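# Architecture at a glance
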Amino acid sequence: MKADALKQQANLSLTSLNFDNAFVRELPADPDRSNRVRQVYGACYSRVQPTPVAAPQLVAYAAEVAELLDLQPASCTGEEFAQAFVGNHLLPGMDPYACCYGGHQFGNWAGQLGDGRAINLGEIINQRGQRWALQLKGAGLTPYSRRGDGLAVLRSSVREFLCSEAMYHLGVPTTRALSVLLTGEQVTRDMFYDGHPKQEPGAVVCRVAPSFTRFGSFQIFSSRNEIEPLRQLLDYTIRTDFPHLGEPSVAVYLQWFEELCRSTAAMIVHWMRVGFVHGVMNTDNMSILGLTIDYGPYGWIDDYNPDWTPNTTDAAGGRYRFGNQAHIALWNLAQLANAIYPLIEQAEPLEAALQIYGDSYKQGWQAMMAQKLGLKSFAADTDLPLISELEKVLQLVETDMTIFYRKLADLAPTKDQDDASLLAPLREAYYQPEVLTGHNQEQIAAWLRSYLQRVAKDGSDSDERRQRMQAVNPKYVMRNYLAQMAIDKAEAGDHSLVNELLQVMRKPYAEQPEYEEFAGKRPEWARHRAGCSMLSCSS
């Protein structure tokens, strides 16, 4: 009887999702209902059905995201959930579609791109009046699949699922992930595009966001001089996602762009704070809500290196390297400004908005760095040279960025400390502590003494400073090697580490002594292993 009641509760929760598919209701549709790869003109989307799969099996789901959708935990573990969120069965109100958009890829205009392996199931309104779009990644072919198969594999799906949720709990603006499911089928992938394809387990991840509209969604219309659909999309975006700005007009278009410049700057500041590298900051991978979107060849700075990129495709040029992300975001915003210019026909206010991005990023970065160092506020005269020297010091010896800042909070001034004693609390952050000698040791110790002098001038006691630092410097981040360990187990049929890492990343700033093993440096075996160091765009 109890089992029947739980089943009934689960069914009621799933079937009572309140779908309100304003995107397809209010925006121009592709009149061609065939699911063949083609150029789509004058339309924001094409209706398409997910491709049925053989044997859906739940790998993991995020309880917090289920709650956003008003789903009970019992709803997320049953057969109906698996069938619905792998794409086999449409729930009442679902109206699947794939979006049309273009974009600049690695700085070059790529023309039409679109949702090549993503299918939107629709948008729901939850009991709090929030709008959430549900999107399946890996659910089959769409008119935008180009030369692809529209499918995804377990490794990329686990990476996206875990990182989406890890980023949210780190306080980074991001899309969310509800679930990852196996399809029961094999998918062929050439992981590094080097002529060595292999069969991998297929999977589908359900992504969740208020909107999946990208910079490229506007670029495609502007590039084709399709001004009316461009206007329709921007008006819809403002009315739906930015209603506080008022009714669309040229003035409101400019306010919208200014707000987007600020939110994008804030997002990049957070990336730099936690050591996240997106890896593929094409304009089609930039959200108009200032959210981190499209987790492909991302990575986390293990050893601090501003020139590092996790993307093999970008290895030679380093366009999307860690230290270049703020500049690329500005470049991408400039492309969006070009795209909406036909609706505004004024260059000066768009240029002024781009300056707002620069100012917002500078101020946000300075405040963030002061927080990472445990300072009450940023003082340019002392702190700019202090931080500039820190960036040099972090590269003298291979230094784990996450652990360094976390351990820096434990540093306490003691009279007459020699260099080795001063560095002792930080030794865990170094990949080769045996080279902490001579000039390296002297230069790092000199910086630490300068830092402690600045802390003393700040007037905070050690406990207060430590609390401030531990609130912004995470102990746990979704390092690539951790994700790869979870993938290895999952591919062998054991999903326990996926769920365990999901649990750990819910509290990235807490000590969690039971999970201490997940806070360590990247192990040596992972230094050059595929999936643990660099990845391709197919990852």
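That block above? That's the structure.
Residues numbered from 1 in each chain as written. Predicted model: local features only at pLDDT ≥ 70, side-chain atom pairs only at ≥ 80, totals over all residues. Heavy atoms only, no water.

## Some details on empty space enclosed by the protein
Keep this limit in mind: Two kinds of site are reported from a 1 Å grid over the protein atoms alone, namely cavities, where a 1.4 Å probe fits but cannot get out, and pockets, open sets with protein on both sides within 12 Å along at least five of seven lines, and residues are called lining when an atom falls within 4 Å of a point. Grid points are joined across faces, edges and corners, and a volume is the space filled by probe spheres set on the points. Elements are defined by DSSP. Helices are runs of H or I of four residues or more, strands are runs of E of two residues or more, and each kind is numbered from the N terminus. Residues are grouped as follows: Ala, Val, Leu, Ile, Met, Phe, Trp, Tyr, Cys and Pro are nonpolar; Asp, Glu, Lys and Arg are charged; every other residue, Gly included, is polar.
Summed over all chains, the structure comprises 4 cavities of 30 Å³ or more. Of the pockets and cavities examined, the largest cavity occupies roughly 110 Å³. F23, Y97, S211, F212 and T213 are, among the 14 residues lining the largest cavity, the residues nearest its centre. The set of elements that each furnish at least two residues to the lining of the largest cavity consists of β3 (97-99), β6 (118-125), β7 (131-137) and α7 (227-241). The leading source of residues in the lining of the largest cavity is α7, at 3 residues. Here the residues of the lining of the largest cavity sort into 7 nonpolar, 4 polar and 3 charged. Quantified by volume, the second largest cavity comes out at close to 50 Å³. Forming the walls of the second largest cavity are V53, G138, L151, A152, T183, E185, Q186, V187, G202 and A203.

## Considerations on the pairing of β6
Convention followed: Each residue gets one of three labels from its accessible area relative to the maximum for its type: buried under 20%, exposed over 50%, partly exposed in between, using a 1.4 Å probe on protein chains only. Pairing between strands is defined by DSSP: at least two bridges between the two strands are required.
Extensive coverage of β6 is indicated by the burial of 7 of its 8 residues. Two elements, β6 and β7, share 7 bridges in a ladder whose sense is antiparallel. By the bridge assignment, E123 is partnered in β7 with A133. The antiparallel pairing of β6 with β7 creates a hairpin that spans 5 residues between the two strands, and G129 there sits at a positive phi of about 80°.

## Regarding helix α14 (residues 438-458)
Cut-off, in case you're wondering: A helix is expected to reach a length of 1.5 Å times the quantity of its residues less one. For this analysis, residues touch if any pair of their heavy atoms sits within 4.5 Å.
Taking 1.5 Å of rise per residue, the 21 residues of α14 would be expected to cover 30 Å, and the 30 Å separating its terminal C-alpha atoms lies within 8% of that figure. Buried within α14 are the following residues: Q441, Q443, I444, A445, W447, L448, Y451, L452, R454, V455 and D458. Looking at the packing, one finds that the buried side of α14 touches α11 (380-393), α12 (401-408), α13 (419-423) and α15 (462-472). G459 lies just past α14 and shows a positive phi near 85°.

## Focus on the pattern of salt bridges
Just so we agree on the cut-off: Throughout this description, the term salt bridge denotes a Lys or Arg side-chain nitrogen within 4 Å of a carboxyl oxygen of Asp or Glu.
Tallying each qualifying case throughout the model produces 38 salt bridges. With a closest N to O distance of 2.7 Å, R176 and E165 form a salt bridge. Of the two residues, R176 is situated in strand β8 (residues 176-189) and E165 in helix α5 (residues 154-170); the sequence distance between them amounts to 11 residues. Both residues of the pair, R176 and E165, count as buried.

## Things to note about the packing of α7 against helix α9 (residues 325-344)
Formally: Between N-to-C directions, angles span 0 to 180 degrees; the directions come from axes that are lines fitted to C-alpha atoms, helices contributing only their stretch in contact. Angles are sorted into four bins: roughly parallel if under 35 degrees, roughly antiparallel if over 145, roughly perpendicular if 65 to 115, and oblique for all others.
Where α7 meets α9, the closest approach of the two axes is 10 Å, and the angle between their N-to-C directions is 100°. With respect to α9, the axis of α7 lies roughly perpendicular. Residues I227, L230, R231 and L234 of α7 form the contact with α9, whose participating residues are A339, I340, P342 and L343. By residue class, the composition of the contact of α7 with α9 is 7 nonpolar, no polar and 1 charged.

## Brief notes about the side chain of R273
Just so we agree on the cut-off: For the charge count, each Lys or Arg is scored as positive and each Asp or Glu as negative, with His and the chain ends excluded. Think of a polar contact as two N or O atoms within 3.5 Å of one another; within protein, one of them needs to be a possible hydrogen donor and the other a possible acceptor, and neighboring residues in sequence only count if both atoms come from side chains.
Within the secondary structure layout, R273 lies in helix α8 (residues 250-274). In this structure, R273 is buried with no salt-bridge partner, the nearest side chain bearing the opposite charge being D400 at 14 Å. A distance of 2.9 Å separates a polar side-chain atom of R273 from the backbone oxygen of L170.

## Remarks on the packing of aromatic side chains
Let me state the cut-off plainly: Any two of the Phe, Tyr and Trp rings considered here, Trp counted by its six-membered ring, make a pair once their centres fall within 6.5 Å; the pair's planes then place it as stacked at under 30 degrees, edge-to-face at over 60, or tilted in between. Two conditions define a charge sitting above a ring: the NZ of Lys or the CZ of Arg must be within 6 Å of the ring centre, and it must be within 35 degrees of the ring normal.
Applying the stated rule across the entire model yields 20 aromatic pairs. Consider the rings of F23 and Y97, whose centres lie 5.3 Å apart with planes at 10°: the pair is stacked. With F23 in helix α2 (residues 22-26) and Y97 in strand β3, this pair connects stretches of sequence that are 74 residues apart. Summarising the burial analysis for this pair, F23 and Y97 share the class buried. Pairing F242 with W256 gives two aromatic rings, centres 6.3 Å apart and planes at 85°, and the pair type is edge-to-face. Taken together, the positions of F242 in the loop between α7 and α8 and W256 in helix α8 put the pair 14 residues apart, joining distant regions of the chain. A relative accessible area of 5% places F242 in the buried class. Judged by its relative accessible area of 0%, W256 is buried. Aromatic ring contacts, followed pair by pair, group W271, F276, Y295, Y298 and W300 into a single cluster. Against the face of Y298 rests R159, its NZ or CZ located 4.0 Å from the ring centre. Sitting above the plane of the Y405 ring, K372 keeps its charged end 4.1 Å from the centroid.

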